[in-house]
Amino acid sequence: MRLKKGSFLWYLYLDKIYCLLSVRNVKALAEYFHILDVHGKNTLNDVLFYHFLHHVTDLKKAQINIVFDMLDWNAVGEIGFEQFYMLVCMLLAHENHLEGQFMYRHSRPVFDLLDLKGDLRIGAKNFGMYRFLFNIHKQELKDLFHDFDVTGDNLLNYQEFKLYTIIYIDKLQRRQKTEEKEKEDRKSRENEKSLLEKKMSHEVDVSRKSLLEKNET
């Protein structure tokens with residue numbers, strides 16, 4: 001899933017730590033929502049929702065429809081600004097490769113969205129339907145249920161899901177630290193190499209100058 005370049009969402013900034021919009025961005029998003037709300041009901045129906053997501057993302061119609069069903073948790077055929085805001089933050093998190101951070105910071109709302117039946121459990125099938133929103137591959141999803149389904153019922157309760165997000169973000173932060181250290185080490189080696197090359201070049205120049213002076217004498 002990708003945001004279409006030049007769309008309204010392309011110009012919004014998502015905080016990388018809390019995965020939320022600034023107050024100014026929220027106000028701009030609220031104005032945008034009211035523009036989309038052509039019926040003046042402070043809601044978007046499935047048709048308006050489809051055209052919005054089709055305009056700003058490359059999602060297919062089937063994917064857009066299941067996202068709408070996920071957000072329309074009351075099954076009223078419409079979503080309000082609260083759900084719209086949640087979706088936009090989710091899309092921006094995906095675009096900025098912050099899906100894990102988003103799930104960690106908003107584990108309860110994400111869990112509630114994925115709990116389609118409202119029985120405080122998430123099944124692998126339901127999670128699999130929406131894995132494209134969080135950039136989770138099939139094998140990762142399989143490993144998730146294998147590693148964190150403590151009760152062994154092939155379902156995740158909130159505590160199990162929360163544990164997954166905590167461990168996921170911990171692994172992510174460790175990997176980022178390792179990558180940063182490798183980057184710093186690589187930069188240090190390049191600087192050392194550059195200094196050595198300059199030193200050798202200087203020594204060569206000095207040697208050449210010395211030889212020229214001897215030849216002249």
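One can find the structure itself at the top, above this paragraph.
Here we summarise the structure given alongside this text.

Calculation rules
- Residues numbered from 1 in each chain as written.
- Predicted model: local features only at pLDDT ≥ 70, side-chain atom pairs only at ≥ 80, totals over all residues.
- Heavy atoms only, no water.
- Helix = DSSP H or I, 4+ residues; strand = E, 2+ residues; numbered from the N terminus.
- Rg over C-alpha atoms; globule rule 2.2 N^0.38 Å.
- Patch = residues over 30% accessible without salt bridge, like charges linked within 9 Å, V, L, I, M, F, W, Y side chains within 5 Å.
- Areas by Shrake-Rupley, 256 points an atom, 1.4 Å probe, with all protein chains shown as cover.
- Salt bridge = Lys/Arg side-chain N within 4 Å of Asp/Glu carboxyl O.
- Lys, Arg positive; Asp, Glu negative; His and termini not counted.
- Charge placed at Lys NZ, Arg CZ, Asp CG, Glu CD.
- Phe/Tyr/Trp six-rings, centres within 6.5 Å; stacked < 30°, edge-to-face > 60°.
- Buried < 20%, exposed > 50% of the residue type's maximum accessible area, 1.4 Å probe, protein only.
- Lys NZ or Arg CZ within 6 Å of the ring centre and 35° of its normal.

## Digging into the overall build of the protein chain
Then step 1. Check the secondary structure of the protein chain and you find 10 helices and four strands.
Then step 2. When the helices and strands of the protein chain are placed in sequence order, the string is α-β-α-α-β-α-α-α-β-α-α-α-β-α.
Then step 3. The C-alpha radius of gyration computed for the protein chain amounts to 26 Å, which surpasses the reference 17 Å derived for 217 residues by more than 25%, pointing to a less compact arrangement than a globule.
Then step 4. For the protein chain, the spread of C-alpha atoms along the three principal axes comes to 100 × 45 × 30 Å.

## Remarks on a negative patch on the surface
Then step 1. On the surface, Glu-179, Glu-180, Glu-182 and Glu-184 cluster together into a negatively charged patch.
Then step 2. Following the sequence through the fold, Glu-180 ends up in helix α10 (residues 158–216).

## A closer look at the packing of aromatic side chains
Then step 1. Using the criterion set out here, one finds 16 aromatic pairs in the structure.
Then step 2. Taking the centre distance of 5.6 Å and the plane angle of 75° together, the rings of Phe-111 and Tyr-158 count as edge-to-face. Taken together, the residues span a long stretch of sequence, with Phe-111 in helix α6 (residues 107–114) and Tyr-158 in helix α10 at a distance of 47 residues. Neither Phe-111 nor Tyr-158 differs from the other in exposure class; each is buried.
Then step 3. Arranged with centres 6.2 Å apart and planes meeting at 55°, the rings of Phe-127 and Phe-161 form a pair that is tilted. In this pair, Phe-127 is assigned in helix α7 (residues 124–129) and Phe-161 in helix α10, connecting sequence segments 34 residues apart.
Then step 4. Looking at Phe-127, the relative accessible area reads 0%, which means it is buried.
Then step 5. Above the face of the Tyr-158 ring, Arg-108 is positioned so that its terminal group lies 4.1 Å from the ring centre.

## Brief notes about the pattern of salt bridges
Then step 1. Evaluation of the coordinates by the stated rule reveals five salt bridges.
Then step 2. Of the charged contacts, one joins Lys-41 and Glu-78 as a salt bridge, the two residues approaching to 2.6 Å between their closest N and O atoms. Taken together, the residues span a long stretch of sequence, with Lys-41 in the loop between α1 (23–36) and β1 (44–45) and Glu-78 in strand β2 (residues 78–79) at a distance of 37 residues.
Then step 3. Assessed through its relative accessible area of 47%, Lys-41 is described here as partly exposed.

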